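Summary of structural features
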Amino acid sequence: MGYSWNWGVFLQPSATGDDTYLGWMFYGFKMTIGLSLSAWLMALFLGSIIGVLRTVPNKVLSGLAMAYVELFRNIPLLVQLFLWYFVLPELLPASLGNAYKQSNPVVQQFLAAMICLGLFTSARVAEQVRSGISSLPPGQKNASLAIGFTLAQTYRYVMLPMAFRLVVPPLTSEFLNIFKNSAVCSTIGLLELAAEGRQLVDYTAQPYESFIAVTLAYLLINVVVMFSMRWLEAHVRVPGYIGGK
Amino acid sequence: MTNSPRLAMLAMVATTLLSAPAFAQDAGTLKKIKETGVITLGHRESSIPFSYYDDKQQVIGYSQEFMLKAVEAIKADQKLDKLEIKLMPVTSANRITLIQNGTVDIECGSTTNNTERQKQVAFSNTIFVIGTKLMVKKDSGIKDFPDLAGKNVVTTAGTTSERLLRKMNEDKKMGMNVISAKDHGESFLTLETGRAVAFMMDDALLYGETAKAKRPADWDVVGTAQSKEAYGCMVRKDDAAFKKVVDSAIASVMASGDAVKIYNKWFMAPIPPKGLNLNMPLSDEMKALYKAPNDKAFE
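Given the structure is predicted, the values throughout are model-derived calculations rather than measurements. Residue positions are counted from 1 within each chain, in the order its sequence is given. Lettering of chains starts at A and numbering of ligands starts at 1, both following the order in which they are written. Reporting in this predicted model follows two pLDDT cut-offs: at least 70 for local features of residues, and 80 or more for side-chain atom pairs to be given and counted; totals over whole chains, interfaces and linings ignore these cut-offs and use all residues. Side-chain numbers here rest on the full set of heavy atoms in the structure, without hydrogens or water.

The next point concerns the environment of Tyr62 of chain B. Residues and elements named next belong to chain B. By definition, any uninterrupted DSSP run of H or I lasting at least four residues is a helix, any uninterrupted run of E lasting at least two residues is a strand, and each is numbered from the N terminus. As for its position among the elements, Tyr62 is in helix H3 (residues 62–77). Throughout this description, buried means an accessible area under 20% of the type-specific maximum (1.4 Å probe, protein chains only), exposed means over 50%, and partly exposed covers the range between. In this structure Tyr62 comes out as buried when scored by relative accessible area, which is 0%. Should any heavy atoms of two residues lie within 4.5 Å, those residues are counted as being in contact. Non-local contacts of Tyr62, meaning those with residues more than four positions away in its chain, are made with Pro49, Phe50, Ile127, Phe128, Ile262, Tyr263, Trp266, Phe267, Met286 and Tyr290. One polar contact links the side chain of Tyr62 to the main-chain carbonyl oxygen of Ile127, over a distance of 2.7 Å. Residues adjacent in sequence count toward polar contacts only when both atoms are side-chain atoms; beyond that, a polar contact is any pair of N or O atoms within 3.5 Å, and within protein one must be able to donate a hydrogen and the other to accept it.

Below is the structure:
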C-alpha cells in the first residue's frame, strides 16, 4: 500500500531534542502506570467504604452512599474530567484558584486525572463490594450478632473477609478498566501513553509503528495485571464456594 | 465456477474505475476541464477567514476569493462559454489524497506549502504568509518570547507551534511548562482561565480567537514571529500548464491591487457569520508578497 515502515524511528532523537522517541513512549508508559495505580488505590479505599455503607441498616447512610454511586457512575467520564480540570479551579476563591492555575501544569493535570478516575472507579468498586456483601447468606450476619459481636465487628471479622474474597474476579475487570480509562486523560493534555502515541504520529508521520507500540504497551500492562489478579484469586479462594476446593 | 466470469467482469470494471482518475491526470487538468466543462474546487469548512461556510452554507473566505479568480482565468484561458463549478469540502487529513487521485482539481484554503508536501503535490503562488506569534492578556506585561521563561504556555497539539515551542524550551533552557491542548478552542480556554500566560499559534488564527473572545479588547497578539509559513493553492504535481494559469491569475490579482482589497475585506472589516472584525494589519511579509508574487516555501 506504499507505506514505508521504519521501526528505527523509536531510536531517533526527538524533534525537540530532549530525548529519543522511545524515551517519550517510556515517559507515557510510566505516567499511565503511575496515574492508574494511584487512582486505583483511591478507588479501592473509597469504594470499600461506600460499598459497606450501602449495606448498613441506617437509611440515611445507605441513602447517601447510593447517591454517591449514582452520581459518579452516571456522569460520563470525560465530562467529569472536564469538571475537575476546568471548572473546579474557577470555584475556588480567586487568589487560591489563580495560584493553583499558575502552578506546574503536569501536577494540575495529574491531580485532576487521578481524582476523576479514582472517584469514577470507586463508585463501580462500591457496587462490587455491595454485591459481595449481599451475596452472603443472612445466617452469617445473624449468627455473628447472636454471639455478641457488634455490627462493626460483624463487618470486620465475618462479612468483609468473605465478601472481598468473593468479588476478586469482578474487581479484576475494574482494575483492567482503570488502565484503559486513563487514556481519556490525554484530552486535558496529560502526556500519558495514548497521548505520547499521538504525539509520535504528529512528529514522525509513522502512525502504524506508533499505535502498534502503544497497543503492545497497554497489552503488556493488562496481561501483568490479569495474571497477578489470577494468582490473588487462586490464593484467597473460599473453600466450598464456586471454584474453591 | 459460474461465479468466475462475473468476478472477472467486476475486476475489469474496478480496474477501469480506479484507472480513470489516473487517465485524467495524465491528460492534464486543463484538457480535462475543457472536455467535461466542469472544475472541482476543494475548500475548507471552518478555516476562518480563509475558507469556510457562512450562515447560508455558502463557501466564502479570503482563499476562496483567490480560487474564484483562478477559475475565471482558467475559463478565459480555455475560451469556455460556461464552466460548471463543483465544490468539495476537504479536511487537512484528506486534501492531499483528493488532489492526487483527481477528485479535486485545485484546493485553496489554509494549506502550508512546505518541501515535504511538494513531494506529493504542487503549490501555486503563495496567497498568504502567516507567522507564529503569541496571544497574551494586555496587562500581563509579556511582550516577546524571552518573557516566557519559567511560565506556563499553551499551544495546540500537533501544530508547528508546539514543535517550535518545545524545541525553544529545550535549546534555551527556558524552564517553560508547555501545555498541549487538543484544539484551538481548548488552547484559548486554557489561556482565558489563567492556566497559561500565553498561547502560541499562527497569527491569523490568534486574531480569529481574539475576535471570538468575550472581551476582545483584553487580548493582544505580540512577539517576533518564530516561523513563517506560506499558504498556497494545491494543484496536481507535474502539470505545469495548469499551474501556470493559476499562478498568473494570482499574480495579476496582486499586481492590480485587488489583493489588498480582498485582504481588507477579510482581515480589516466585519466578516460573516458573526460580524467579527479580525483587525489584523497587513504584515511586511504580506506587502512583500503582493509586490513580488512567488511560490517559494519557507521550510
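Okay, back to it.
A few words now on the interface of chain A and chain B. By a frequent convention, interface size equals the accessible area lost on bringing the separate parts together. On the side of chain B, 19 residues touch chain A, which itself brings 24 residues to the contact. Buried area is calculated as the accessible area (1.4 Å probe) missing from two parts once they are joined, with the contributions of both summed. Of the roughly 1900 Å² buried between chain A and chain B on both sides combined, carbon and sulfur atoms contribute 48%. Three residues, Thr16, Phe86 and Tyr203 of chain A, lead the burial of chain A against chain B; their summed loss comes to 27% of the area buried on that side. Linking chain A with chain B are eight residue pairs in polar contact (both at pLDDT 80 or more). Looking at the side of chain A that touches chain B, the elements that each hand over two or more residues are helix H3 (77–91), helix H4 (94–102), helix H5 (105–134) and helix H9 (193–204) of chain A.

Turning next to the domain arrangement of chain B. All names here are of chain B. The domain limits used here are those given by an automatic or database domain assignment. Along its sequence, chain B is organised into domain 1 (29–130 + 229–291) and domain 2 (132–228). It is Ile130, Glu229 and Met280 in domain 1 that bury the most area against domain 2; as a group they hold 47% of the surface buried on that side. Salt bridges are counted wherever a side-chain nitrogen of Lys or Arg sits within 4 Å of a carboxyl oxygen of Asp or Glu. Summed over the shared surface of domain 1 and domain 2, the result is zero salt bridges. Remark: the boundary between domain 1 and domain 2 carries one residue pair in polar contact (both at pLDDT 80 or more). Residue assignment for the side of domain 1 that touches domain 2 shows that the elements contributing at least two residues are strand E7 (122–137), strand E12 (228–235) and strand E14 (276–277). Residue composition of the side of domain 1 that touches domain 2, grouped by class: 12 nonpolar, two polar and two charged. Here the term charged refers only to Asp, Glu, Lys and Arg, the term nonpolar to Ala, Val, Leu, Ile, Met, Phe, Trp, Tyr, Cys and Pro, and the term polar to all other amino acids, Gly among them.

Moving on: the packing of aromatic side chains. Aromatic rings from Phe, Tyr and Trp, with only the six-membered ring used for Trp, were paired whenever their centres fell within 6.5 Å, and each pair was classed as stacked if the ring planes differed by under 30 degrees, edge-to-face if by over 60, and tilted otherwise. Applying the stated criterion across every chain, the model contains 25 aromatic pairs over all chains. Each residue in the set Phe50, Tyr62, Phe66, Phe128, Tyr231, Tyr263 and Phe267 of chain B is aromatic and connected to the rest through ring pairs, giving one cluster. Two thresholds decide whether a charge sits over a ring: the Lys NZ or Arg CZ must be within 6 Å of the ring centre and within 35 degrees of the ring normal. We note Arg195 of chain B situated over the ring of Tyr85 of chain A; from NZ or CZ to the ring centre the distance is 3.7 Å.

This part takes up the packing of helix H1 (residues 21–55) of chain A against helix H8 (residues 168–181) of chain A. Residue and element names in this part refer to chain A. The convention used is that axes are lines fitted to C-alpha atoms, helices contributing only their stretch in contact, and that angles between N-to-C directions extend from 0 to 180 degrees. Close contact between H1 and H8 brings their axes to 9 Å; oriented N to C, the two are set at 140°. Here H8 runs oblique to H1, going by the angle between their axes. Like other packed secondary-structure pairs, H1 and H8 cross with a definite hand, here right-handed. Counting all contacts with H1, which are made through Thr32, Ile33, Ser36, Leu37, Ala39, Trp40 and Leu44, the residues of H8 involved are Leu171, Glu174, Phe175, Ile178 and Phe179. Residue composition of the contact of H1 with H8, grouped by class: nine nonpolar, two polar and one charged. Angle categories are assigned with fixed cut-offs, so that under 35 degrees is roughly parallel, over 145 is roughly antiparallel, 65 to 115 is roughly perpendicular, and the rest are oblique. Helix crossings fall into two classes, left-handed where the near helix is turned counterclockwise from the far one by less than a right angle and right-handed where it is turned clockwise.

Let us look at the sheet that holds strand E3 (residues 51–53) of chain B. Strand pairing in a sheet relies on backbone hydrogen bonds. The paired strands run either parallel or antiparallel. All names here are of chain B. Taken together, the three strands give an open sheet; going across it, the order is E2-E3-E4, and neighbouring strands pair in antiparallel fashion. Looking at which strands have only one partner, the edges of the open sheet turn out to be strand E2 (46–47) and strand E4 (59–60). Think of it this way: DSSP has to see at least two bridges between two strands before they count as a pair. The pairing of E2 with E3 spans two bridges and is antiparallel. Opposite Ser46, over in E3, you have Tyr52 as the bridge partner.

What follows deals with empty space enclosed by the protein. In this analysis the probe radius is 1.4 Å and the grid spacing 1 Å, with only protein atoms considered; a cavity is a set of points the probe fits into but cannot get out of, a pocket is an open set with protein on both sides within 12 Å along at least five of seven lines, and lining residues have an atom within 4 Å of a point. Grid points are joined across faces, edges and corners, and a volume is the space filled by probe spheres set on the points. Summed over all chains, the structure comprises one cavity of 30 Å³ or more. Roughly 40 Å³ of volume is contained in the largest cavity. Taken together, Ser186, Gly189, Leu190, Leu191, Ala195, Arg198 and Gln199 of chain A together with Ala157 and Ser180 of chain B make up the full set of residues lining the largest cavity. In terms of residues, the lining of the largest cavity owes the most to one element, H9 of chain A, which gives three residues.

Counted as a void, the second largest pocket has a volume near 480 Å³. Lining the second largest pocket are 23 residues, with Asp18, Tyr27 and Leu191 of chain A together with Arg166 and Val178 of chain B positioned closest to its centre. Residue assignment for the lining of the second largest pocket shows that the elements contributing at least two residues are H1, H5 and H9 of chain A together with helix H6 (160–171) and strand E9 (177–181) of chain B. Among the elements that make up the lining of the second largest pocket, the one with the highest residue count is H1 of chain A (four residues). Considering only residue class, the lining of the second largest pocket consists of nine nonpolar, nine polar and five charged.

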